[in-house]
Structures are given as C-alpha cells and as structure tokens.
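Chain and residue survey
This is what each chain is made of:
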Amino acid sequence: MQAAERRVDKNKAKNEPWRDPHAEAYVRFENITKKFGDFVAVNNVSLKIFKGEIFCLLGGSGCGKSTLLRMFAGFETPTAGSIYLDGQNMAGVPPYERPVNMMFQSYALFPHMTVEKNIAFGLEQEKGLSRSEIATRVADILEIVKLTPYAVRKPHQLSGGQRQRVALARSLVKRPKLLLLDEPLGALDKKLREATQFELINIQEQLGVTFIVVTHDQEEAMTLASRIGVMNRGEIVQIGTPTEIYEFPMTKFVADFIGSVNMFEGQLIEDLPDRARIQSEELGGVIYIDHGISSAPSATVWAAIRPEKISILRAHPGENVENCVKGVVKEIAYMGDMSIYLVKIDSGKIVRVTQPNAERLSDDERIGWDETVWLSWHASSPVVVTQ
Amino acid sequence: MNTTARLAAPRGTHGRLGPLWTFFFRYGPPRWSRYVVDHWTGQRLVIAVPYLWLGIFFLIPFLIVLTISFAHESPLDRPPYDSPFQWVYLDEGALKQGALQIRLMVHGYVQLITDELYWSSMLFSLQVAAVSTLLCLCLGYPMAYAISRASPTSRNIFLMLVILPFWTSFLLRVYAWIGLLKADGVINNVLLAIGIIDEPITMLKTNFALYVGITYSYLPFMILPLYSNLEKHDNTLLEAASDLGAGPIRAFLRITLPLSMPGILAGSLLVFIPAVGEYVIPELLGRTDQLMIATQLYHEFFNNRGWPNACAVAIAMLLLLVLPIMFFQRVQNRELQAARK
C-alpha cells in the first residue's frame, strides 16, 4: 500500500511540476506590463510555465492574452518587466533569434509557396542543414500531421483544416523549445475542432514540446490545457488545472467566466472549521456549506453553485436535506444529451439547472413548463467566493 | 435543318463559330429581327459602345495607316501617295472593262529591315525604354514601399504628392527640365556659384537628359501599381517569416519581393510601352544625332513627306509593342483570377 502511494506521489510530481516548490520554471514572466499610449494592455503579470505542459491563457476579447503571447514571441516589447526562457533573458532578442515558434490565428501561410516550401522555410533559415536533411525533416513532419499527399499543393488549394495542419507542421518542424498557439482552433467547425484538439494533445506528447495556447473558448482550454491562466483586463485572475478552475474558482469573475454558475449573494452568519452558513436574500433562506470559509465575520460573500450540481424534483426531497428551495420552471432547453431548466424561485431570481437525459421519460413523467419544482443541492457543492 | 433544330440552342447564346454563324445559319434572313431581340440585350448593348468607339477611332485609322503603308510614294502630290487600290480600265478591243488593281508597295517595310537608320532607332528606343523602366523601378519601389508602410493619413498625403505633377501640363514639366539642365540653367548656375565646377556641364541634349526626362515623367506610373500591390500585403506573413528565423532582409527578399511581382510587372509595362513611342521628351531633351523611333517617324512624315514609309514605321512600332502588351494582358488576367479565388 505504501509503495503504491509513493509511486503515485512521484508521478504526481512529474506530471504536476507546479506543485513542486523546487522545480525550475521553463518560462518566467516577471512583472510584465505593456502600455499602448495610455491604454494598459497587460498589467503587472507574473507567470511561471513548466517544461512539457500545455498552458492555456484564457480570457475574453481585449483581456491582453494575445499581447502577452506576442511579447513572448518577440513582436512587442514589454514596457516593464522581463521574460526568461530557460533561464535566459529575452530582452532585446528579436523574434528570428528566439527558440520559439508561433502558430498564427490566420495561419499566415505563404501564398506563393507550396506546402513543402512553406514548411521548409524555417529550416532553410537555419545554418548547417543540407538539402537532403531538410527534405527528410519536412517529409517526417508531413507524416505526423497526415498531409503527405498534399505536399505540392499551394495554400489556396487546401481546406481550412488542412491549412491549419500546414501551419502546425511549419511551426513544429524547427523543433522549438516552445510552441505558441494563437486561437488555434477558432476557424474550424465543431467536429473538426474536437478531433483536432485530441490530435494536438497527441502530437504534443509525441514531440514533448511545451505549448502555450491563447484562446477565448473555454471548451478548448478545458480540453487542451494542463493548466489554465484566466485573464481579465490585462491581469491574471487565477491559475490552475481545469478542475481547479471549474470547481474552485477564486473570484466571481472566474466562476462566471467558466461554464455557467448560479451566484447567491449573502452574509456569512456562521463560520466554523467544518461548516458555514450564509444568509442569502437572493435565495430567500440559508445556504449550508460543509466546510469553513475563514473570512471576516458577517462579510458579504457569494455562493457559486454549478447548474449540474443542483437536482430538480417534483416533490419536496425530504426533511433531512439541508439546501432546498421551491421554484417554478420558466424555460426548458432540450440539448439532446441534457436539458437546461431555468427556474424562478420565490425571491425572483432565476436559477439555472441542468439535468442529463439519462432515461427516456414520457411527457407526463418529464418536468414541464410552469411546474412547481424543488431544487436541492449537497452542502459540499457551493463554492464560496469573497471577491 | 428545320426551324426547330436551328433554334434548339438556348436563346441569347451563340453557336460554336460565334455571332456571325448564329446570325446567318441559326436565324437566317426571315428571323433577323428575332436575332436583334434575342441578342441585343442591355448587357450586350453596353459592350457595344466601347466596341464602336474602338472601331471608329482605332480600327478604321489603323486600317487607313495600313493601307497607306502599302501605297506608292509620290511626294509632290497631295496627299503624297497613290492609293494601292485603283480602278483601271483595260481596253480589250471594243469592250472597256473596269478592274480593281491592288498594288502593294513593300518599299517601306523593306527599308525598315535593310536601312541601318531605322534599325538603330528601333533598338535605341527599346534601349531607352528598358533603361528608363529600370531606373523607375529602382526609384519607385522604395517610394511605393515607404508609402505603403506609412500611417493612413501620411499615405494619402504622399499619394497626392505623387499624382500632383499630373495637374500641370506635361509639356511645361519637360520645359522645366530644360530650364534646369541647360548651360545657363539653374543647376549649372548654382554649381558655378558654389564653385564646384569652373565651366557649365553639358546636360541638355544628351542621353542623360533623355533618361532623366523619361524617368521623371513616368515615375508615377511605376509607383501607383506598385503601391496598389504592396498595400494589400498581409503583415502577418512577415511576422511569420520573422518567427521562423528570417531576418528583415531575408524576409523582404523571399516574401515581399515575390508577392510584389505582379505590381512590378504592371508598373514596368506601364512605363515601357509608352516610353518606346515617346516623342516630346527626346525631341526637347535628347540628342539630335540619335533618334528614337517616334522622332524618326515625325521626320519621315513631315520633313521627307514619305507617308508610306512613315506608316510602315508606325505599323512596325505597333508590332514591336504587341508582344509586351499581350504579356501584360496575360499577367493582368492571372492576377484577376487569383484575386477572384
């Protein structure tokens, strides 16, 4: 038993280097600020990225994530702060001398060159590579991205997905220490996006390259990333694994940004080591939490409950259930695999509940519009955020 | 062929051999009014206007010039040629028969090939045009590049500055160059005053003045197509090149330059084709002992009154330029198709 535990711990340290206090960060952003005139695009961002991980910068438009990426690639100079790659300060190093490659959102394929020439371009800039070597490496990477039959085509003769793979191949063929991806899956349709997400992860594991991905799509971030950095208005709001970000958001913004959430504002009326209670007018009652909050007494807090953690029933769940509220179903959205219910509770607030369609139910068994229902959740489900 | 078969093809389209075939065979005399109704649609009528214009103002004059080039020279007449088409009467006994006699004199064309004067002026024209095109390219490309990189407000100002000279008379601008280049002109006076030279430099009536004049006059024709092409370039391509390890010069040579080729070709042809037939600038600024082909034509036409020879020269000039023009058209078509994709 102990040996197994120790083995698991060692794997954990290797797979989660950010937990190890002695681990050397591969990339360090230290107090990076970028101003365009008076506008502050990036505000004092500090970040550590470790080797071999897929790090995702997630945020809405204008949050500064692309600017951060471009500063790392060398296309913008930070107004303040330094960037270190593998211990080396990147200040003053132009993009063509950084061991970093970027995959652009628009792919930026050279229209006057074939797929082969596009990919070989980067290798031709390196000194000391013979023609045959370049040809071999190009052929190898074409194999990996499965584009070998399209080698002599020009970009305008390819589909969107194929162009994306050419862009990927072009950036990987130089075997960079880091690959930067700017909204890599934005231009693809849903099915292709899902397939490409897993392909990207496979390629990353195969080649062992560190990825930094910039995206506004949460699904993309949740699928690809080993860690996500959520950005808002030029600042990093929270960094964590997808699970941590989703289940344990630290601020209202993060809770609201990822997935959907029901936010109940209230006063902290009881705060003990193993339980807490929040008096919430929005709920019209008391929210029971099964852990302590360690916040100031009578502080204003928000309880965030995810829609899938609320159960919706036609009858009162029973006396021993702590968190329970009555409401009327206002809207139902049938998504196929699950249904979304918008329930209006007595206080007037609309609560969002999702339920998987696990069984086939007849029309009377299924919950319908304007029905009175009972919503309940476990005391461990809410996350309490204080800002 | 019965009526139904003849009209079986969809209305408004022509048969394999084109409009004439359609007119005569598919429709035939009884249905010519129907032809007008079917084919002279609004779209086609609009095309008819430029066709008509070109027909009246280019095709017919061209045919006239072609005819005169085959005419017999007679400098003392008015006009100084005998038409190749003459109606003669052949007297055969009691019957007087009229016949159309066509007499094609090839003296003009033969002279073009054999006379060294014409050869040298043709080659000189080509040389001058080529060198001027190269000079315009060397001067115009950096200017077009700089304009395309400037901020939008500055860009508009620069473009206006490029076009501004066209608002003044072309002749006046050439005369201005005379004023600058002549022995007691501005440049010489300034240099003498400063003391760099002791005697005025001969700049006028030299090849140097000719190149300066042509390059100056045709520079906007090089800058504008180049700018139009460079302005459409995608900046992220250069960023991608930089990211892949290409320094600024490499990126320019391998990305910007190849992509600006259509612009270079368009600008070069827009300078080369008119420059070959340039008359005013060589007449005012160029040497008097080595003539370009247009001046040659002028002399032949007005001084020697050799209309057939002059027309032969004109036809030769046209043929000389047909190849570059066809090439230009090919390039334009290719760019249009690429833009459509």
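Residues numbered from 1 in each chain as written. Chains lettered and ligands numbered in written order. Predicted model: local features only at pLDDT ≥ 70, side-chain atom pairs only at ≥ 80, totals over all residues.

Another point: the interface of chain A and chain B. On the chain B side, the residues contacting the 17 residues of chain A number 15 residues. Listing elements by their share of the side of chain A that touches chain B, those giving two or more residues are β6 (100–103) and α3 (115–125) of chain A. (Contact = placed C-beta atoms within 7 Å. Helix = DSSP H or I, 4+ residues; strand = E, 2+ residues; numbered from the N terminus.)

Time to look at the pairing of strand β17 (residues 338–345) of chain A. Residues and elements named next belong to chain A. As judged from the 7 bridges shared by strand β16 (residues 323–334) and β17, these two strands associate in the antiparallel manner. Note on β17: the bridge partner recorded for valine 328 is lysine 344. Two successive antiparallel strands, β16 and β17, enclose a turn made up of 3 residues, where glycine 336 displays a positive phi of approximately 95 degrees. Pairing analysis gives 7 bridges linking β17 to strand β18 (residues 350–356), with the strands arranged antiparallel. Across the sheet, the residue bridging to tyrosine 341 is valine 353, located in β18. Connecting the antiparallel pair β17 and β18 is a turn made up of 4 residues, with glycine 348 showing a positive phi of about 100 degrees. (Pairing = 2+ DSSP bridges.)

Mapped onto the elements of the fold, arginine 34 of chain B is located in helix α3 (residues 32–39). Spatially, the C-alpha atoms of arginine 34 of chain B and phenylalanine 23 of chain B are 9.9 Å apart, while their sequence positions differ by 11 residues.

In a regular helix each residue adds 1.5 Å, so 12 residues correspond to 16 Å; helix α7 (residues 152–163) of chain B covers 17 Å between its end C-alpha atoms and thus fits that length. In terms of burial, α7 of chain B is largely open, as just 0 of its 12 residues are buried. (Expected span 1.5 Å × (residues − 1). Buried ≥ 20, exposed ≤ 12 C-beta atoms within 10 Å, placed from the backbone.)

Here we come to the sheet that holds strand β8 (residues 210–215) of chain A. All names here are of chain A. Strands sit in the order β6-β7-β8-β3-β9-β10 across an open sheet of 6 strands; the sheet is mixed. Of all the strands in the sheet, just β6 and β10 (235–240) have a single pairing partner and so form its edges. For this sheet the average axis-to-axis angle between neighbouring strands, irrespective of direction, equals 20 degrees. Pairing of strand β3 (residues 54–58) with β8 involves 5 bridges; the strand directions are parallel. Along β8, the bridge assignment pairs isoleucine 54 with phenylalanine 211. Strands in contact with helix α2 (residues 65–73) are β3, β6, β7 (178–182), β8 and β9 (227–232); relative to β7, the strand with the most contacts, it is inclined by about 145 degrees. (Axes fitted to C-alpha atoms, helices over the stretch in contact; angles between N-to-C directions.)

So yeah, pure geometry; function would need other evidence.
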